Each structure stands twice: as C-alpha cells, then as structure tokens.
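Each chain is listed here by its residues.
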Amino acid sequence: MIAITQALSLEGLNGFLIDVEADVGNGVPAFNLLGLPDASLSEARDRVRSAIINSQAQWPNKRITLALSPASLPKRGSAFDCAIALALLAAAEEISLERLNGSVILGELTLDGRIKAVAGILPALRAAAHHGISRAIIPSQNFHEGSLVSSMEISHFSHLRELIGWCKGNELAEPIHRIAYGESDEIEKVNSTLDFSDISGQESAKEALEIGAVGGHHIAMVGPPGVGKSMLAERIPTILPELNERDSLEVTSLHSIAGKISSESRWPLIAVPPFVAPHHTITRAGLIGGGSAVISPGACSLAHRGILFLDEAPELARTVIESLREPMELGEITLTRLGRSATFPAHFTLVLASNPCPCGWAIGKGKRCTCTPLASRRYRERLSGPILDRIDLRIELEPLSQADLLRTGESSDRIRERVARARARAVTRFRDMPWSINSEIPAVALRHQFAPEPKALGVLYQALDNEEITVRALHRIQRVAWSIADLREEPSPSRSTIDRALDLHLRERL
Ligand SMILES: [Zn+2]
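Residues numbered from 1 in each chain as written. Predicted model: local features only at pLDDT ≥ 70, side-chain atom pairs only at ≥ 80, totals over all residues. Heavy atoms only, no water.

Caption draft 1: Highlighting the layout of surface pockets. The calculated volume of the largest pocket comes to roughly 1200 Å³. Lining the largest pocket are 47 residues, and of these R305, H347, I437, S439 and E440 lie nearest its centre. Those elements that place two or more of their residues in the lining of the largest pocket are α7 (203-215), α9 (245-257), α13 (325-330), α17 (412-429) and α20 (471-488). Across the lining of the largest pocket, the residue classes tally to 22 nonpolar, 13 polar and 12 charged. There is about 420 Å³ of room inside the second largest pocket. Lining the second largest pocket are 24 residues, with L10, R76, A79, A119 and V294 positioned closest to its centre. Of all the secondary-structure elements, those providing two or more residues to the lining of the second largest pocket are β1 (2-11), α4 (121-130) and β16 (340-345). By residue number, the principal contributor to the lining of the second largest pocket is β1, which donates four residues. (1 Å grid on protein atoms, 1.4 Å probe; cavity = no way out; pocket = protein on both sides within 12 Å on 5 of 7 lines; lining within 4 Å. Points joined across faces, edges and corners; volume = space filled by probe spheres on them. Helix = DSSP H or I, 4+ residues; strand = E, 2+ residues; numbered from the N terminus. Nonpolar A, V, L, I, M, F, W, Y, C, P; charged D, E, K, R; others polar.)

Here is the structure:
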C-alpha cells in the first residue's frame, strides 16, 4: 500500500512543501530512500526503524520504498523523521492518516522514540502557512515557538508512541494551550539592567548614537581602552523603538534557524532590536553565514533590524570585515554552497569600535602613545576603505574628566522618546515610499523629492571639490542630515544641520 505525508524543507527563510511517499509491498525485506537525501537524511532509516520499534509499534518486515518529492528540491537535516515514520506506518496499515490530513509534519526522532526539537520551526510554519497549510504536527519542545504562527492549528508530541496513539484515536494526555499575542507578560523587554544614565559625560558620543538610532546610520567609535566604547554600544538597543510584528517574526525566524531560540521560553518572540557582538576572531562564515549540511545565518543576519557591534575592529581579518560589503549594500546576504543558495535578510546598523593606535593612547592625556608612526598607520589601514566609506558617523572618545564623572546622564527612556518622535516624522514624510528610515533614502530621491535646500548643500559640494569626501559620502551625509533635521523638527535639513552631519562624518582618526 502507498501512503503520503507532508514535510517542509527550508532554504534561507523560504520553505518548500515536500511529499513523503511510502510504499510497503511484498518481496525481499529492504528499505530504499529516493529523492536527493543528504547524509543526515540517509541516517533517517536507522533512526526511524529504532524509534518505531521502541514505540511498541510493528516494524513492517517487507520491501519498503520511500520517495521524497519533488526530487529536484534539496532536502536536508533530520526534521523529516516524523513524516517518514508516519508515512511508513500508514503504508503498512498500522495507523490511519485521517487526523494528519492537510498537516505539515516536522520533528527529529531519537533511537528510543523521543521527538526532538528542530531548528527553524517558526520560519518553517510561516512558509507552510504561505503555501496554504493550516495544521501542523511539531515537537513539544518547539510548541511555544510554533505558536507564534497564529493562523496555524498545532498539535505537538514529545514521543513517537504518543503520536502513533493519537493517530489511532487516543486523546492527548497533556494539551499545552497557546498564548495569544500580547497576552503574555513574558515578552522579552529591553534588558532593563542597561541604561544610558549609567554613563556620565561623553555627550557628543551620545548625540551621535541618538542620530544613528533615528536613521539607522553606521557608526565608528575611536578612543583609548576603557573609555566606554562597549558600554555605549550595548546601550543602543535601549534607545531604539521596539520591532513591529513583521520585523519581530523575521528576526525571530533567523535566530530560530541558527538554533538560538530556547525551548524554555514561553514567549520566544524577539521584540527588541537585537545586539550582536562577535569576538574579533570570528570567521567569515561566522559573520555572514555558511555551513555545509544546512546553510545557517551568520552574525550579520542575527543582527538584522538591530546592532552589529565589532569591537577592536582593526583586529578582524581583512577578508572577514570586507565580507560585510554585500549585506551593507543590499540589506541581505546570499550564500552558495555546493550549487545551492540561501538568502538571509541582514539589515543591521554597524557599530565599529577601535583604538586610535596599537597601544591605544594616541587620543587623550591618560598615557603617552608609544607607537611608531608606521605602526599607527598600518593599524589604521587594517580597516578597509570600502567599509570605512560606508560609515556615516564617527565618534572620538576621550577619557572622562573629574567634572564629567560627577554628571548624571540622561535616561534611555527620554532619549528613546525623542528617537521615536523623530522616526515618526520620517515615517510620515516617506508614507508613499517603499522605505521608512533615513538611511534607506535612495540616491535618486536625494537629488529630487528629498533634496535639501541647494544653498544648504554648498558646504558639501565644496568638501567634494576639496576631495575631503567621496560621492558616496555626499549621499550618506545628506541621509544623516535628514535624521538631525527630524530631531530638530526642521521641515528639511538647514545649513547648520548639514554642517553638523558633515562634521560627524569627518571627525575621525581611523
Ligand atoms: Zn599608540
């Protein structure tokens, strides 16, 4: 007899429905798997066989053929185990598929029959919903994450024995109920232990970070060790507005594929812009994504709609930091492995931090710089021009004075209110446009409908003539000027606003 169940294969955030067809017939006992399976899928036959036997079900001692179709689509990983086991048992007339009708089935089996969590449940169920599927069978450990897809009717199991029993008509022992969006008090809030009021002084750095938060502009911070670069950077999410529902689901999906969603969390939706701070020894694959069996997103996609913070940026290998060019230009990254490709969104704000020189003391009066001019130049040149050219705001930090240390900083709540008001002005201005923040204004729009006053622009053209800035920087400075104008509640960037944007662009020792 032949039986068919449905599973799903992910490529990036896209998913494709896969039919799992089992044919159990008479003949010499055998188990054949057809349809481009990868190594971990080939091992499915052993896992599924042991799991079925350890679930007190009958293993069909017959000629078994399994086909995964469409054959042309890639199928990887272990999320197909449950769909394979059920198709096989139905083809052997052990169970009925009536209760599984129209369901997508996801779950990995252990040899003793337990159903293990799989990565990427959220994007998988969103993709299934996109293909018109409204019911899903998933591992219990993935239940909270799966529940984020509100249109999906979900049944979840932690052992194959329960799943087989349910197919035979048993009721579930312990149903877990879904929590409706907005009802949970466990939604991840901004890490409340961090606040800008913790940092005294550094006012001009805070001003630049606030402007960056309004428009999503890339930032470089230069200063001696211990001056507070990391402290400032990790507080940026506390002044950013929460993510909207669409962005939250997209960000959570990326973290899900990377296996970073805890099954313990009752409401795993990421509503706060993520802050991702990889160590400077990170590899290219770690930064932009990669992997052999399953293509997994890297740090730049985990920082999607949030902050990618690279401390000690000149210590990164040049090929690693240069790999950020594509996502910085396109807002996404396409990874190709063995002829397959996956695209992940990667729309992040880059925040680089660096010492001014190898010893760190070329800025400030704390200690004397002991570096040779050549060593200092080599150090600065490690940050590639193409990346630096994409930085909008440059901040130079000096060690705090005694007077600074006595001052209390403004709270993150108050700064976030200003950022939200400024962002709202941009959203209103761009209401008929396909973008909503200033860093995304296309160059052509800066020349036409969103061009600042010609007389305000004079200073920029002069800087261009003097070769102080590039043409790309000319546009980047105008985008920053729009963010400053939104904070100052100007209808369009004034002369003094553009001066400030140029100053923040040029002020650097990198
Ligand atoms: Zn030095």
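Caption draft 2: Seen up close, α7. Relative to the 18 Å expected for 13 residues at 1.5 Å per residue, α7 spans 19 Å between its end C-alpha atoms, a close match to the ideal helical length. Along α7, 10 of the 13 residues are buried, which leaves the element largely enclosed by surrounding structure. Buried residues of α7: A205, K206, A208, L209, E210, I211, G212, A213, V214 and G215, and no others. In this fold, the buried residues of α7 make contact with β10 (219-222), α8 (229-234), β18 (393-396), α17, α20 and α21 (495-506). Looking one or two residues beyond α7, the residue adopting positive phi is G216, at roughly 70°. (Expected span 1.5 Å × (residues − 1). Buried < 20%, exposed > 50% of the residue type's maximum accessible area, 1.4 Å probe, protein only. Contact = heavy atoms within 4.5 Å.)

Caption draft 3: Summary view of the domain arrangement of the chain. Domain parsing of the chain yields domain 1 (2-167) and domain 2 (196-424). Relative to domain 2, the C-alpha centre of domain 1 lies at a distance of 40 Å. Facing the 17 residues of domain 1 at the interface are 23 residues of domain 2. Interface of domain 1 and domain 2: buried area, both sides summed, is about 1600 Å²; carbon and sulfur atoms make up 66% of it. Considering only the side of domain 1, the residues that lose the most area to domain 2 are L13, H144 and L148, jointly responsible for 35% of the buried surface there. Along the contact surface separating domain 1 from domain 2 lie three residue pairs in polar contact (both at pLDDT 80 or more). Where the side of domain 1 that touches domain 2 is concerned, the elements lending two or more residues are β1, α4 and α5 (143-146). (Domains from an automatic or database assignment. Buried area = accessible area lost by both parts, 1.4 Å probe. Polar contact = N/O pair within 3.5 Å; in protein donor to acceptor, adjacent residues only side chain to side chain.)

Caption draft 4: Representation of the coordination of the zinc ion. Looking at the zinc ion, the protein donor atoms are C357 (SG), C359 (SG), C369 (SG) and C371 (SG), and they sit 2.1 to 2.4 Å from it. Its four donor atoms give the zinc ion angles of 102 to 112° at the centre, a pattern that matches the tetrahedral case. All donors to the zinc ion come from one chain, and their sequence spacing reads C-x1-C-x9-C-x1-C. One end of the pair, C357, is in the loop between β17 (349-354) and α14 (373-381); the other, C371, is in the loop between β17 and α14, and 14 residues separate them in sequence. (Donors = N, O, S within 2.8 Å, 3.2 Å for Na, K, Ca; no water. Tetrahedral: all angles 85-135°; square planar, octahedral: opposite > 155°, others 65-115°.)

Caption draft 5: Quick look at the packing of aromatic side chains. Per the stated rule, a full pass over the model turns up seven aromatic pairs. On the basis of an interplanar angle of 85° and a centroid distance of 5.0 Å, the ring pair of F430 and F450 is categorised as edge-to-face. On the criterion of sequence distance, the pair formed by F430 in the loop between α17 and α18 (443-447) and F450 in the loop between α18 and α19 (454-465) is long-range, its members being 20 residues apart. Judged by relative accessible area, which is 2%, F430 ranks as buried. Plain terms: the ring middles of W435 and F450 are 6.1 Å apart, the flat faces sit at 80° to each other, and that makes the pair edge-to-face. Taken as a pair, W435 in the loop between α17 and α18 and F450 in the loop between α18 and α19 lie far apart in primary sequence, 15 residues in all. One aromatic cluster is present, built from ring pairs that chain together F430, W435, F450 and W482. Just above the ring of F430 sits the side chain of R429; from NZ or CZ to the centre is 4.7 Å. (Phe/Tyr/Trp six-rings, centres within 6.5 Å; stacked < 30°, edge-to-face > 60°. Lys NZ or Arg CZ within 6 Å of the ring centre and 35° of its normal.)

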